[in-house]
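Take a look at the letters that make up each chain.
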Amino acid sequence: MLSHSEHLRFGGDMETPGRIAATPDALDFTVENVEKALHQLYYDPNIENKNLAQKWLMQAQVSPQAWQFCWALLSPDKVPEIQYFGASALHTKISRYWSDIPTDQYDSLKTQLFSQIACFSSGSKMVLTRLCVALASLALNTMPEAWPGAVPEMVRVFQEEGGGIDGRARCLALLELLTVLPEEFQTSRLPQYRKGLVRGALGREWGSVCPLLQQLLRRTDSPGAVKARVLRCLSSWVLLDVPLNESESLVHDCFSALPDPELFDTAVEAIVNAISQPDSQRYVNTLLKLVPQVLALQEQLREAVQNGDMETCHGICRIAVTLGENHSRTLLEQVDHWQGFLALVNMIMFCTGIPGHYPVNETTSSLTLTFWYTLQDEIMSFETDKQAVYLQVYRPVYFQLVDVLLHKAQFPTDQEYASWSSDEKEQFRIYRVDISDTLMYVYEMLGAELLSNLYDKLGRLLTNAEQPTSWQHTEALLYGFQSIAETIDVNYSDVIPGLIGLIPRISINNVQLADTVMFTIGALAEWLADHPVMLSSVLPLVLQALGNPDLSVSSVSTLKKICRECKYDLPPYATNIVAVSQEVLIKQIHKTSQCMWLMQALGFLLSALPVEDILRNLHSLITPYIQQLEKLADETPNPSNKLAIIHILGLLSNLFTTLDISKQDDESAEGSAPPVKTAPPPPGPNPVVVVLQQVFALIQTVLSQWLNDSQVVEAVCAIFEKSVKTLLHDFAPMVSQLSEMLGQMYSTIPQASALDLTRQMVHIFASETDHFPPIKALFELVTSVTLSIFQQGPRDHPDIVDSFMQLQAQALKRKPDLFLSESLDVKAVFHCGVLSLKFPEAPTVKSTCLFFTELIPHCSDVPPLARVMQEDGKLLIQAVLEGIGGGASRCLMDQFAEVLFSMNKNCFSLLAVWLKEALQPPGFPSSRVTIEQKDHFSQQILRERVNKRRMKDIVKEFTLLCRGLHGTEYAAEY
């Protein structure tokens, strides 16, 4: 059948028989060569040969010759791997090249496939499945017109006896075929109009499938393998949105199959798939019948829990949760059946509180958490009167849920926890985060009463001297408080003072409990800012914890929160906080990231002190590091002293990020500080500037040694960049010397971080008359150096190009006068921009588009820009069109649209001429667009001068045409 002339030849290597030739011109897709290639793929130890064989076989599979070799490869004397390739090639040809098959060959192809499936029904399972998938693909391409009764015919063919194939094998082959038919539909590449047509045809075929499945499932003599395949088949068909009332009796049979261990998993899957179909909520009566069937599983669930059968617990829980989660609204509304639904909710509660520790003794409870969100959302969405009735029933349920969740969040005994693997501990941590999120959500329903409830329990626990308590119980209750206080404003709560009073009474003899105490204090930092008298109760605990490396993350993050929120109330404690912090930093108790957080905490703390106190504390804090840096600067560069230098520079950066004396006024005005603290910032230099000036020469020394190392340069630039961002105009005394140093750095070895710092300087100081000369000199110098990089070839430096374009855009935005300078080669900068638009890195192209959208409006007030635009604007248009035509990523189309929009608004007449000229050459910007489509695009662009959103849509539409994606599923996602 299906003969085609062979276009390609296969070349062999005479010395190594069977080796696949690398050249695609030498491909000869014969049975023998395919077998050789498969042998090479499976057995050749050389990975390059395997890859070559794989590539060749993929070409073979789609070649015209595949129609000849695929049948030969299915010969009974071939090994399964070879037969499998033949079946796969058949499926590929039918599913992807259907239009190549003449209509008069459909029947013979169908007959051959039926025949092969019958042959393999007792053979290799993997080959049988591929052949079934191939026939399924043929059915989808021919139904309903060319093969109207596909499913009845499949059933009839396999029910006919003969061919020496036993009934069980024929039955399993038919079920495999019926199973893969809907699955193949889900993944098929059918055009959209046919998808709807075929879905409808398949829906009508359910009438033939359902009775067959029912008959096989109910027959007492049906083997287990057949019943399991029936359940799989049902799972597959219900995904086609088969109406739930039409599969109701089969779903009922699935429940009957659950006690059979061999059928349990497939029965669960079938039930879950059936009741989670979006359409199933329409069938209220069927859903109501399902509730008692699910409740009847409780006995099997309890037995599974007692026997430690996690799989059965998991499966039954999935069924209960699926029914509850997908249909809570529908079932809540059936008020006559409220007790049945409440019983289902309690069954899910049992699953949430299933005995044992997650994930070691059970993995079921985590499945239930989203159900509680869904149920709460449905209850809270009812109108007020109805909601009040439901809350009366369900508020007590949710209070019970809180108890259950906190019990599940408890740590196991120390001995048991020590035996857990690191993976189990991590899963438990994530599980607790999920519980925390659920508690936070439940708070919206239960409100302040929930906090009171937790407080009462914690109070009873800590004040009951007669009954010893486990640290796990205390920790879980605190964890509940922390979960809520982290995200909910608890300032109004009347139990927080009591909680703060209870915290010092907790006997902390365990790392997990200590961590939770720390995080709970951190979560209450905003409350402490409003109630500073309570700081003395908790601050000693935090400072004590700072010295424990096991509490590194919790203690440092809590101190940082307190220093940020309560800084105006901390001066009395400042000496102590700084002393403890210095001690732990010197002892190197914490990892690098925690050291950085600690420096940020100290920055917040010092910000609220008088300037002389800030300087004194800075001196004692920084001096040891400066001495260490001086020593390191004298050493020969090596990897270990590099890390030490970056660490010290990082500490300074983080300290200067938050040390900001100017924000006192702002925060006082917002009411977070007493009126007496509203005095303006003191005169004289900013403390950060004082320190920077003192260490400036040392930093220059370090730089001179490490100028070749981008990480050290980045760390130096970060100190100044963070200081500039924080201090803003207070940084002014440093502008001149920093500009000079930056210029020297960049001239010697250009780095992106130096350009980013220059951009910050331009942003803040370019508009100030006093600072304009050094900023102008620096801007011209880095521009000149970067232009020389472009002349040498900028492709190796996309980060520099990106930062350079951002710098130019910032200069145009803040001080376009910079482009009036005769020392600046505006034309060269423009050309660099055009070149940068063609870079493959999306961030670089985005920055370049930003540069042009800033540049174009200034053509009216900056003559050099106007000149270059007039002379070379067409180059810009060509580069933009090239990107839209397919040269750039589709995620950049909005940026290109902004450039076109800006040109349309600011130089309309020039744009009209350039567009016409640029779009004239055939095949530009894409061979897929016609002259008419290009003209239409041009007219649309020129018409759109007001609506930027519309311009973006025009560009997206055109880029899809250029890429041949218009009207495809990719376009729908775009």
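Report follows, based on the coordinates.

The rules we used
Residues numbered from 1 in each chain as written. Predicted model: local features only at pLDDT ≥ 70, side-chain atom pairs only at ≥ 80, totals over all residues. Heavy atoms only, no water. Helix = DSSP H or I, 4+ residues; strand = E, 2+ residues; numbered from the N terminus. Expected span 1.5 Å × (residues − 1). Buried < 20%, exposed > 50% of the residue type's maximum accessible area, 1.4 Å probe, protein only. Contact = heavy atoms within 4.5 Å. Phe/Tyr/Trp six-rings, centres within 6.5 Å; stacked < 30°, edge-to-face > 60°. Axes fitted to C-alpha atoms, helices over the stretch in contact; angles between N-to-C directions. Left-handed = near helix turned anticlockwise from the far one by under 90°. Nonpolar A, V, L, I, M, F, W, Y, C, P; charged D, E, K, R; others polar. Salt bridge = Lys/Arg side-chain N within 4 Å of Asp/Glu carboxyl O.

## Some remarks on helix α36 (residues 752-765)
So, point 1. Look at α36: 20 Å from first C-alpha to last across 14 residues, which is about the 20 Å you get at 1.5 Å a residue.
So, point 2. Burial runs high along α36: 13 of the 14 residues are buried.

## Some points on the environment of Pro182
So, point 1. Along the polypeptide, Pro182 turns up in helix α8 (residues 167-187).
So, point 2. In this structure, the C-alpha to C-alpha distance between Pro182 and Tyr455, residues 273 residues apart in sequence, is 55 Å.
So, point 3. Pro182 has contacts with Ser236, Trp237 and Leu240, leaving out every residue within four places of it along the chain.

## So, unusual backbone geometry
Peptide bonds are mostly trans, and most non-glycine residues show a negative phi.
So, point 1. Across the junction of Met143 and Pro144, the peptide omega takes the value 0°, indicating a cis bond.
So, point 2. Examined against the element boundaries, Pro144 turns out to sit in the loop between α6 (125-142) and α7 (150-159).
So, point 3. With omega at 0°, the peptide bond leading from Tyr358 into Pro359 counts as cis.
So, point 4. One non-glycine residue, Gln588, lies in positive phi territory at about 55°.
So, point 5. Of note, Leu728 is a non-glycine position whose phi angle comes to about 55°, a positive value.
So, point 6. Mapped onto the fold, Leu728 is located in the loop between α34 (710-727) and α35 (735-748).

## Regarding the packing of aromatic side chains
So, point 1. By the definition in use, this model includes 25 aromatic pairs.
So, point 2. An angle of 35° between the planes, with centres 6.5 Å apart, marks the rings of Phe428 and Tyr431 as tilted. With a gap of 3 residues between them, Phe428 and Tyr431 both fall in helix α20 (residues 422-446), about one helical turn apart.
So, point 3. The exposure class assigned to Tyr431 is buried, which follows from its relative accessible area of 3%.
So, point 4. Plain terms: the ring middles of Phe696 and Phe720 are 5.9 Å apart, the flat faces sit at 70° to each other, and that makes the pair edge-to-face. Placement of Phe696 in helix α33 (residues 687-706) and of Phe720 in helix α34 is noted, with a sequence separation of 24 residues between them.

## Comments concerning the packing of helix α16 (residues 338-352) against helix α17 (residues 369-380)
So, point 1. Relative orientation of the contacting elements α16 and α17 amounts to 145°, with a least axis distance of 10 Å. Remark: the crossing between α16 and α17 carries left-handed chirality. Only Phe371, Trp372 and Leu375 of α17 make contact with α16, whose side of the interface consists of Phe341, Val345, Ile348, Met349 and Thr352.
So, point 2. Partitioning the contact of α16 with α17 into residue classes produces 7 nonpolar, 1 polar and no charged.

## Concerning the pattern of salt bridges
So, point 1. According to the stated counting rule, one finds 39 salt bridges in the structure shown.
So, point 2. One salt bridge in this structure joins Glu269 and Arg318, with 3.1 Å as the shortest N-O distance. Here Glu269 is found in helix α12 (residues 264-275), whereas its partner Arg318 is found in helix α15 (residues 310-333), with 49 residues between them in sequence.
So, point 3. Two residues, Arg795 and Glu841, come together in a salt bridge whose shortest N-O distance is 3.3 Å. Of this pair, Arg795 sits in the loop between α37 (772-792) and α38 (798-814) while Glu841 sits in the loop between α39 (826-836) and α40 (842-855); the two residues are 46 residues apart in sequence, bridging distant segments of the chain.
So, point 4. Here Arg795 falls in the partly exposed class, since its relative accessible area comes to 39%.

None of the figures reported here should be taken as evidence of function without further support.
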